[in-house]
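# What the coordinates show
For reference, the chains in residue letters:
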Amino acid sequence: MLGKELRTARLKAGLTQEQVAARARISREYVSQLERDRQSPTVAMLLRVCRILGTSASRVISNVEKPVSRNRP
C-alpha cells in the first residue's frame, strides 16, 4: 500500500533506490523494504523521503487511502 505509492513517486521522480538512499542518508535496503511494505517509516522518515521524491506525505497517504475508501459502504 504505502510502499507501492513510494515506489510510484520514486519512479516518477526518475530516481533509483540508491539515489533516494544517498540523499536521505539511509541504506538502499531500507528503501527497498519501505517499497515492499516490509518496514513502516516513522513520520519524520516519511516526510524526508517524500521531500526527496518531490511529493508531499499527505499526497502519498491520500493515494493510499483512496482504494480503502472505495471499499467502504
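For the structure given in this document, a descriptive report is provided here. (Residues numbered from 1 in each chain as written. Predicted model: local features only at pLDDT ≥ 70, side-chain atom pairs only at ≥ 80, totals over all residues. Heavy atoms only, no water.)

## Details of unusual backbone geometry
- Although it is not a glycine, Arg25 adopts a positive phi angle of roughly 60°.
- The phi angle at Asp37 is positive, at roughly 60°, despite the residue not being glycine.
- Along the chain, Asp37 falls in the loop between helix 3 (28-35) and helix 4 (43-53). (Helix = DSSP H or I, 4+ residues; strand = E, 2+ residues; numbered from the N terminus.)

## Some points on the nonpolar core
- Leu6, Ile26, Val49 and Leu53 are the most contacted members of the largest nonpolar core, which has 20 residues in total.
- For this core, the secondary structure elements donating two or more residues are helix 1 (2-13), helix 2 (17-24), helix 3, helix 4 and helix 5 (57-71).
- Per-element tally for this core: the top contributor is helix 4, with six residues.
- Apart from the residues within four sequence positions on either side, Ile26 is in contact with Ala21, Val31, Met45, Arg48 and Val49. (Core = buried A, V, L, I, M, F, W, Y, C linked by side-chain atoms within 4.5 Å. Buried < 20%, exposed > 50% of the residue type's maximum accessible area, 1.4 Å probe, protein only. Contact = heavy atoms within 4.5 Å.)

## Considering helix 3
- Of all eight residues making up helix 3, six are buried, and the element is well covered by its neighbours.
- Every buried residue of helix 3 is accounted for by Tyr30, Val31, Ser32, Gln33, Leu34 and Glu35.
- Structurally, helix 3 contributes buried residues whose contacts are with helix 1, helix 2 and helix 4.
- Immediately beyond the C-terminal end of helix 3, within one or two residues, lies Asp37, with a positive phi of roughly 60°.

## A closer look at the layout of surface pockets
- Considering only enclosed or pocket space, the largest pocket measures out at about 210 Å³ in volume.
- Lining the largest pocket we find Glu5, Thr8, Ala9, Lys12, Ala13, Leu53, Gly54, Thr55, Arg59, Val60 and Asn63.
- Where the lining of the largest pocket is concerned, the elements lending two or more residues are helix 1 and helix 5.
- If one sorts the elements of the lining of the largest pocket by residue count, helix 1 sits on top with five residues.
- Classifying every residue of the lining of the largest pocket gives four nonpolar, four polar and three charged. (1 Å grid on protein atoms, 1.4 Å probe; cavity = no way out; pocket = protein on both sides within 12 Å on 5 of 7 lines; lining within 4 Å. Points joined across faces, edges and corners; volume = space filled by probe spheres on them. Nonpolar A, V, L, I, M, F, W, Y, C, P; charged D, E, K, R; others polar.)

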